[in-house]
Amino acid sequence: MTDTFQLDGEDIPFSPGQTVLQAALSAGHYIPHLCYHPEFKPHGSCKVCTIKIGGRTAASCTLPAQAGLEIESDTEEMNALRRTLVQMLFAEGNHFCPSCEKSGNCALQALGADLGVMTAGFRHFYPDRPVDASHPDILLDFNRCILCELCVRASCEVDEKCVFALSGRGITKHLVVNAASGQLVDTNIALTDKAMQVCPVGVILKKRVGFAVPIGERRYDQRPISQQALDDAPRPASGSGHCGGCEA
Amino acid sequence: MSQANRNPDVLESLLLRHQHNPNRLLQILIALQETRSWIDPASIDLLAERLNLPRARIEGVIGFYSFLHDKPVGQYRLLFSDNITDRMLGNQDLLEYLCNKLWLERGHVSEDGLASVDTTSCTGLCDQGPAMLANGWAIPNLSRERLDRIAELVLAKTPVPQWPPELFAIADNIRRADILLANTLQSGDALRAVIARGSTPDTEAAANARSWREANLPAALGPLATLEEIKRSNLRGRGGAGFTTGLKWEACRNAPGEQRYVVCNADEGEPGTFKDRVLLTTQADLLFEGMTICAWTINASGCNTHGFLYLRGEYRHLLEPLNAVLESRRAANLLGNNILGQAGFDFDIEIHLGAGAYVCGEESALIESLEGKRGIPRNRPPYPVTHGYLQRPTTVNNVETFCAAALIAQQGGDWYRSIGTAKSAGTKLLSVSGDCARPGIYEYPFGVTVRQVLEDCGAENSLAVQISGPSGVCIGANEFDRRIGFEDLATAGAFMVFDESRDMFEVARNFAHFFAHESCGFCTPCRVGTAMLKATMDKIAAGHGTQYDLREIEQLDRVLNQSAHCGLGHTACNPTLDTLKRFRPTYERRLKSLDFEPAFDLDGALAAARRMTGRDDAGAHLKTELQA
């Protein structure tokens with residue numbers, strides 16, 4: 001007999017070491033999330049997966065699953081919070097969906113659509129974030145960065161290259177690349193790297209292949225992210241949680 | 001770029017001193033910058049190679065801490081403390097005055113690369129402000145006369161260590177001493193009491209036979225007896241959260257693992273708090289004794305224990321005196337191996353510096369910083385008592401907590417719990433600043449009323465008191481009978497007094513700027529929310545605020561409370577909401593009656609054009625209601 005906890009009144013089985021979000025997704029129950037990726041150790045930074053437990057709130061991606069927990073997730077209160085968090089991300093960066101080549105394949109956009117986000121709701125920050133087009137095959141458009149650190153984690157834990165890192169703090173926090181010049185062309189990134197595949201938004205893009213899929217056939221045109229995420233859920237981890245390439 | 005080449009041996013010897021240990025990255029960077037005022041790219045390359053770290057990771061650490069720079073900031077970096085108490089004492093005018101004296105613009109390095117002037121978060125000298133840091137060294141009591149002197153020294157290129165010592169003279173300002181500040185313990189007294197308490201014929205025999213740690217149950221009674229006294233005392237953490245110290249020590253003691261750590265949190269960053277500065281100055285011996293007693297207590301059989309004092313960068317001036325105290329304790333066998341003749345009781349303490357990051361006062365962020373990383377609070381569980389420094393069992397306590405623990409170890413838990421109130425045992429140090437005749441340190445038994453403190457410090461016509469700093473609570477005159485204690489007004493010690501001449505909106509706006517500056521940026525709600533709160537407060541201050549903005553503040557508070565990663569985000573809206581609740585007219589008189597007003601300021605957008613053309617006449621401005 002396996003242990004279970006309750007999510008919105010339904011029993012969710014879990015195995016030892018799983019967090020609430022991991023167990024829920026494995027059991028076919030969706031909790032909205034953004035910085036979580038099934039192949040990596042939960043990060044807990046976007047806070048979109050926040051749930052309510054015993055009158056308190058917690059990020060479900062990092063909350064260890066325990067028998068008997070009673071969790072509320074799909075409530076108007078929690079969904080309103082998630083909407084606001086997504087709005088904050090839209091207000092923080094420069095997101096021009098209609099002209100973005102990630103449109104239709106973007107987790108932030110899909111999440112916004114799923115949660116019913118119609119406007120950013122806050123004043124836009126309009127930050128000045130120059131793009132890095134130095135690399136012959138790869139474009140970095142920092143305007144869309146939501147600071148989920150997935151590229152940082154993938155490059156370090158899977159590729160063992162540590163091409164990306166974060167600098168600054170607070171609202172000035174930003175992605176940097178591992179080169180004295182600060183330019184991607186001077187790093188050892190390759191098109192085949194895991195870091196090329198994990199960006200949930202349109203920061204890390206392969207050049208000369210944009211807009212290849214017509215509107216209506218893109219990833220989230222076919223099915224909303226709430227369904228797509230469940231197919232993606234149970235997967236063996238590729239990230240080790242630490243870097244094999246450096247002392248970090 | 002050439003600097004590292006000119007004296008690469010400085011960096012090499014630093015690396016050697018820190019055993020090429022990447023966990024020492026922050027300490028290496030701090031020490032390196034002291035020799036050259038910024039970290040040049042060649043040094044970053046060399047560090048990356050020697051420490052086997054990606055250079056981007058090193059850049060990320062430099063970029064996180066406000067006192068580290070990867071761009072030149074001038075030979076003289078002059079930072080004005082910008083707490084509200086500094087502002088009330090006129091720091092803004094003084095900053096402008098110094099900028100004019102040095103022919104430079106705030107926030108920009110002078111053309112000749114000589115100096116830069118800017119602001120920094122509270123430096124913990126609120127009782128003798130306005131204050132500044134000159135290349136990291138604290139200078140209190142700023143005045144035009146003192147700034148004239150400083151400007152002369154800068155222009156004459158006199159190195160800061162050669163500036164007249166009286167510029168750096170910092171007073172303790174102890175106004176009321178109780179059991180802690182008036183203690184008469186000598187070095188080692190409390191430790192001897194602890195060892196005597198645990199000493200039974202069995203433990204003596206065990207200690208003589210092998211080591212006390214290897215012995216069986218009877219020998220373990222020593223530490224357990226002390227743990228019992230700490231638990232009996234009901235001592236609760238003095239850093240603000242108030243966790244029961246005895247339970248924390250017990251959990252750490254029971255955690256599996258052979259290596260464990262005792263960490264003292266001296267990252268006193270909460271604006272308006274400076275009691276740790278005074279404890280570190282006057283009670284360092286007692287503090288280190290408390291840490292040693294903690295090591296003795298949490299030391300389960302067969303463990304090694306090591307201590308760290310994490311000293312905020314603003315208290316750089318205390319580093320050498322503290323190291324001297326550690327040296328004298330080593331000489332007296334109160335630190336080191338076989339302390340006081342107890343076979344196998346080995347413990348030593350080293351001091352790590354911070355570099356300007358308030359969030360590192362959060363214990364798990366502090367541990368990340370101790371490990372040489374960006375100070376991002378960790379996901380919890382697991383907690384530091386089981387997975388702290390290097391994922392090993394770690395006890396983190398505040399300076400005042402360790403001092404109190406030493407007193408308890410010597411005089412017993414029952415004695416301590418008889419002082420104070422039922423749920424708040426002992427005394428509390430208050431850092432009193434703001435509008436009062438006698439700012440300074442006041443030690444009271446818990447339960448003292450705010451009114452009593454105001455009377456003692458000579459505060460008149462008080463309008464409000466900010467208890468426990470921006471992350472605490474702001475109370476108005478009708479609440480001055482409330483009491484300091486965990487039952488009512490829990491506090492880490494800040495007690496900032498505002499009289500009736502003060503504008504509480506400006507107080508809250510100063511705090512909103514503080515939180516936005518100090519947010520680590522890890523989680524969405526705090527990173528974006530604190531920046532939004534700051535922008536909204538500025539919008540209201542500029543006369544563009546509406547009822548809509550007040551509602552937005554309430555929405556931000558809800559989001560931050562529900563979803564922020566740590567206490568910084570949870571409390572970031574408190575000063576605004578507290579003052580909005582108690583002093584709403586000061587907000588409303590600034591509002592426009594409209595339901596919504598865009599934040600975009602047309603006239604403000606022309607400021608850059610005005611600067612470029614050198615014009616500031618009426619024709620260069622759009623007509624707005626502000627000018628009317």
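Keep in mind that what you see is a predicted model, and the values were worked out from it rather than measured.

A. Up close: the overall build of chain B. Helices and strands together make up the secondary structure of chain B, namely 27 helices and 14 strands. On the principal axes, the C-alpha backbone points of chain B span a range of 90 × 65 × 45 Å.

B. Representation of the nonpolar core in the model. Residues and elements named next belong to chain B. Formed by 248 residues in total, the largest nonpolar core has its most connected members in Leu-29, Leu-287, Cys-403 and Ala-405. Among the elements that line this core, the one with the most residues is helix H14 (residues 284-298), at 10 residues. Not counting residues within four places of it along the chain, the set of residues in contact with Leu-287 comprises Cys-264, Leu-279, Leu-280, Val-399, Phe-402 and Cys-403.

C. Spotlight on the domain arrangement of chain B. Residues and elements named next belong to chain B. Under the domain assignment, chain B is made up of domain 1 (2-64), domain 2 (76-170), domain 3 (189-416), domain 4 (427-502), domain 5 (516-588) and domain 6 (599-628). Placing the centre of domain 2 and that of domain 4 at their C-alpha centroids yields a distance of 29 Å. Between domain 2 and domain 4, the contact holds five residues from the first and six residues from the second. Residues that form the side of domain 2 that touches domain 4 fall into these classes: three nonpolar, one polar and one charged.

D. Looking closely at the domain arrangement of chain A. Residue and element names in this part refer to chain A. Each assigned domain of chain A is listed with its residue range as follows: domain 1 (4-74) and domain 2 (79-208). Of note, the centres of domain 1 and domain 2, computed from C-alpha atoms alone, are 25 Å apart. Counting residues at the interface gives 11 residues for domain 1 and 14 residues for domain 2. For the side of domain 1 that touches domain 2, the per-class residue count stands at six nonpolar, four polar and one charged.

E. Examining the confidence of the model for chain B more closely. Residue and element names in this part refer to chain B. For chain B, the average pLDDT comes to 93, and 93% of its residues sit at 70 or higher. Ignoring residues within four places in sequence, the model shows residues 1-5, a span with pLDDT below 50, making 11 contacts including any to other chains. Segment residues 210-219 is flagged for pLDDT under 50; beyond a separation of four residues in sequence, or across chains, it makes 27 contacts in the model. If you check the scores for this complex, the pTM reads 0.93 and the ipTM reads 0.96.

F. Region of the structure containing unusual backbone geometry. Residue and element names in this part refer to chain B. That bond from Arg-380 to Pro-381 is cis: its omega, -5°, falls within 30 degrees of zero. Considering the arrangement of structural elements, one finds Pro-381 in the loop between helix H16 (363-370) and strand E9 (394-398). Non-glycine residue Asn-173 carries a positive phi angle of around 50°. Its place among the elements puts Asn-173 in the loop between helix H8 (144-155) and strand E5 (174-176).

G. View of the pairing of strand E8 (residues 174-177) of chain A. Residues and elements named next belong to chain A. Where strand E7 (residues 164-167) meets E8, four bridges bridge the pair, whose relative direction is antiparallel. Counterpart to Ser-167 in the pairing with E8 is His-174. Where E7 folds back on E8, the antiparallel hairpin that results is connected by six residues, among which Gly-168 adopts a positive phi of roughly 70°.

H. Inspection of the packing of helix H9 (residues 189-198) of chain B against H14(B) at higher detail. Residues and elements named next belong to chain B. At a minimum axis distance of 9 Å, the contact between H9 and H14 shows a crossing angle of 20°. In terms of their interaxial angle, H9 and H14 are classed as roughly parallel. Classified by chirality, the crossing of H14 by H9 is right-handed. Only Glu-289, Thr-292, Ile-293 and Trp-296 of H14 make contact with H9, whose side of the interface consists of Ala-190, Leu-191 and Val-194. Class assignment of the residues belonging to the contact of H9 with H14 gives a composition of five nonpolar, one polar and one charged.

Definitions and limits used
Residues numbered from 1 in each chain as written. Chains lettered and ligands numbered in written order. Predicted model: local features only at pLDDT ≥ 70, side-chain atom pairs only at ≥ 80, totals over all residues. Helix = DSSP H or I, 4+ residues; strand = E, 2+ residues; numbered from the N terminus. Core = buried A, V, L, I, M, F, W, Y, C linked by C-beta atoms within 7 Å. Buried ≥ 20, exposed ≤ 12 C-beta atoms within 10 Å, placed from the backbone. Contact = placed C-beta atoms within 7 Å. Domains from an automatic or database assignment. Nonpolar A, V, L, I, M, F, W, Y, C, P; charged D, E, K, R; others polar. pLDDT = per-residue confidence, 0-100. Pairing = 2+ DSSP bridges. Axes fitted to C-alpha atoms, helices over the stretch in contact; angles between N-to-C directions. Parallel < 35°, antiparallel > 145°, perpendicular 65-115°, else oblique. Left-handed = near helix turned anticlockwise from the far one by under 90°.

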